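Chain residues, written in single-letter form:
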Amino acid sequence: AQSVAQPEDQVNVAEGNPLTVKCTYSVSGNPYLFWYVQYPNRGLQFLLKYITGDNLVKGSYGFEAEFNKSQTSFHLKKPSALVSDSALYFCAVRDLHASGGSYIPTFGRGTSLIVHP
Amino acid sequence: ETGVTQSPTHLIKTRGQQVTLRCSSQSGHNTVSWYQQALGQGPQFIFQYYREEENGRGNFPPRFSGLQFPNYSSELNVNALELDDSALYLCASSLFGGSGANVLTFGAGSRLTVL
């Protein structure tokens with residue numbers, strides 16, 4: 001079984017400050033991890049993914065995420081937040097050993113990021 | 001390259017009615033999956049289609065059914081609508097197989113309200 005938790009419903013940060021959106025996961029094997037962003041009245045857009053290799057993954061719009069196997073976490077980060085980053089952020093996990101090749105991801109509940117001017 | 005398009009964008013139904021939602025996959029993608037996103041929740045997997053057959057299903061009753069067509073477009077059908085079916089329904093396309101790290105490309109969704 002696979003699951004993902006986003007412990008914060010909302011994160012508030014001032015523009016220009018660093019931001020972190022937290023995600024922890026649980027899988028039986030090795031995970032594939034993803035971050036997606038959802039703007040109002042839009043579908044989810046891919047930001048970045050971790051497959052293997054470097055624990056720090058760089059993605060779109062200046063976002064990055066750090067994979068920590070010992071803490072089973074994959075926190076999303078950005079050094080300097082923009083007001084336009086305000087959106088819903090979803091973490092997702094796929095178990096590498098999921099059967100059938102269907103690789104169905106499990107999404108977290110989402111975290112609302114609000115960046116204040 | 002075209003993205004994923006869904007129709008209709010909004011619709012209102014009453015309990016007991018049936019609804020059909022449609023999705024056109026991104027060019028080059030051969031797999032389509034459907035998700036239900038209730039207000040304040042993350043997307044919940046309904047099912048996935050590949051080669052016109054269902055090859056994965058989440059915890060949804062049989063009144064949720066789907067089709068995938070030869071051009072990889074898809075339909076989601078929901079029978080006997082219930083109030084709890086009110087949600088944003090998201091379609092996502094991807095390329096089947098490989099490492100499993102394939103990225104999902106989502107449409108903007110169809111917002112269903114059941115009265």
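Going by the structure above, here's the rest.
Here the structure is a predicted model, which is why all the values come from computation and not from measurement.

A. Looking closely at the overall build of chain B. For chain B, the count of helices and strands is zero helices and eleven strands. For chain B, the succession of helices and strands along the chain, N to C, is β-β-β-β-β-β-β-β-β-β-β. A globule of 115 residues ought to have a C-alpha radius of gyration of about 13 Å, and chain B, at 13 Å, matches this closely. With the principal axes as the frame, chain B shows a C-alpha extent of 40 × 30 × 25 Å. Counting all 115 residues of chain B, 50% fall into the buried class. Put simply, of all contacts in chain B between residues at least 6 apart along the chain, 53% involve residues at least 24 apart. Summed over all atoms, the accessible surface of chain B reaches about 5,400 Å², with 49% contributed by carbon and sulfur. Placing the 7 positive and 8 negative side-chain charges of chain B at their respective mean positions leaves the two points 6 Å apart.

B. Focus on unusual backbone geometry. A cis geometry characterises the amide bond from B:Ser7 onward to B:Pro8, with omega recorded as -10 degrees. Here B:Pro8 shows up in the loop between strand S1 (5–7) and strand S2 (10–13). Not every positive phi belongs to a glycine, and A:Asn41 is a case in point at roughly 60 degrees. In this fold, A:Asn41 is placed in the loop between strand S5 (31–38) and strand S6 (44–50). For A:Asn41, a relative accessible area of 70% gives the class exposed.

C. Up close: the pattern of salt bridges. Residues and elements named next belong to chain A. Counted according to the given criterion, the structure contains seven salt bridges over all chains. Linking Asp85 and Lys78 is a salt bridge whose minimum nitrogen-to-oxygen distance equals 2.8 Å. For the residue pair Asp85 and Lys78, the accessibility class agrees, reading buried in each case.

D. Geometry of the sheet that holds strand S3 (residues 19–24) of chain B. Residues and elements named next belong to chain B. Strand order in the open sheet formed by four strands is S1-S3-S8-S7, with antiparallel pairing between adjacent strands. Either end of the sheet is taken by a strand with one partner, and the two such strands are S1 and strand S7 (64–68). Strand-to-strand twist across the sheet, computed as the mean angle between neighbouring axes with direction ignored, equals 15 degrees. In this sheet, strand S8 (residues 74–78) lies alongside S7 in antiparallel orientation, the contact comprising five bridges.

E. Quick look at the pairing of strand S4 (residues 31–37) of chain B. All names here are of chain B. Counting buried positions over the seven residues of S4 gives seven, a clear majority of the element. Of the two faces of S4, the one holding Thr31, Ser33, Tyr35 and Gln37 and the one holding Val32, Trp34 and Gln36 are both buried throughout. Two strands pair when backbone bridges link them, and S4 and strand S5 (residues 44–50) are joined in this way by six bridges, in the antiparallel orientation. Considered in S5, the bridge of Trp34 is made with Phe47. With antiparallel pairing between neighbouring strands as the criterion, S4 and S5 make up a hairpin whose turn holds six residues, including Gly40 at a positive phi of roughly 80 degrees. Examined bridge by bridge, S4 and strand S9 (residues 87–94) share seven bridges and lie antiparallel to one another. If you follow Ser33 over to S9, its bridge partner there is Ala92.

F. Fine view of the packing of aromatic side chains. Across all of its chains, the model carries 14 aromatic pairs over all chains by this definition. The interplanar angle of 65 degrees and the centroid separation of 5.1 Å between the aromatic rings of B:Phe60 and B:Phe64 together place this pair among those described as edge-to-face. The residues B:Phe60 and B:Phe64 share a single accessibility class, namely buried. Taken together, A:Phe34, A:Tyr36, A:Phe46, A:Phe107, B:Tyr35, B:Phe45 and B:Phe106 form an aromatic cluster joined through their ring pairs.

G. Seen up close, the interface of chain B and chain A. Between chain B and chain A, the residue contacts involve 22 residues of the former and 23 residues of the latter. Seen at the junction of chain B and chain A, the total is zero salt bridges. Connecting chain B to chain A are two residue pairs in polar contact (both at pLDDT 80 or more). The class makeup of the residues in the side of chain B that touches chain A is eleven nonpolar, eleven polar and no charged.

The rules behind each value
- Residues numbered from 1 in each chain as written.
- Chains lettered and ligands numbered in written order.
- Predicted model: local features only at pLDDT ≥ 70, side-chain atom pairs only at ≥ 80, totals over all residues.
- Heavy atoms only, no water.
- Helix = DSSP H or I, 4+ residues; strand = E, 2+ residues; numbered from the N terminus.
- Rg over C-alpha atoms; globule rule 2.2 N^0.38 Å.
- Buried < 20%, exposed > 50% of the residue type's maximum accessible area, 1.4 Å probe, protein only.
- Contact = heavy atoms within 4.5 Å.
- Areas by Shrake-Rupley, 256 points an atom, 1.4 Å probe, with all protein chains shown as cover.
- Lys, Arg positive; Asp, Glu negative; His and termini not counted.
- Charge placed at Lys NZ, Arg CZ, Asp CG, Glu CD.
- Salt bridge = Lys/Arg side-chain N within 4 Å of Asp/Glu carboxyl O.
- Pairing = 2+ DSSP bridges.
- Axes fitted to C-alpha atoms, helices over the stretch in contact; angles between N-to-C directions.
- Phe/Tyr/Trp six-rings, centres within 6.5 Å; stacked < 30°, edge-to-face > 60°.
- Polar contact = N/O pair within 3.5 Å; in protein donor to acceptor, adjacent residues only side chain to side chain.
- Nonpolar A, V, L, I, M, F, W, Y, C, P; charged D, E, K, R; others polar.

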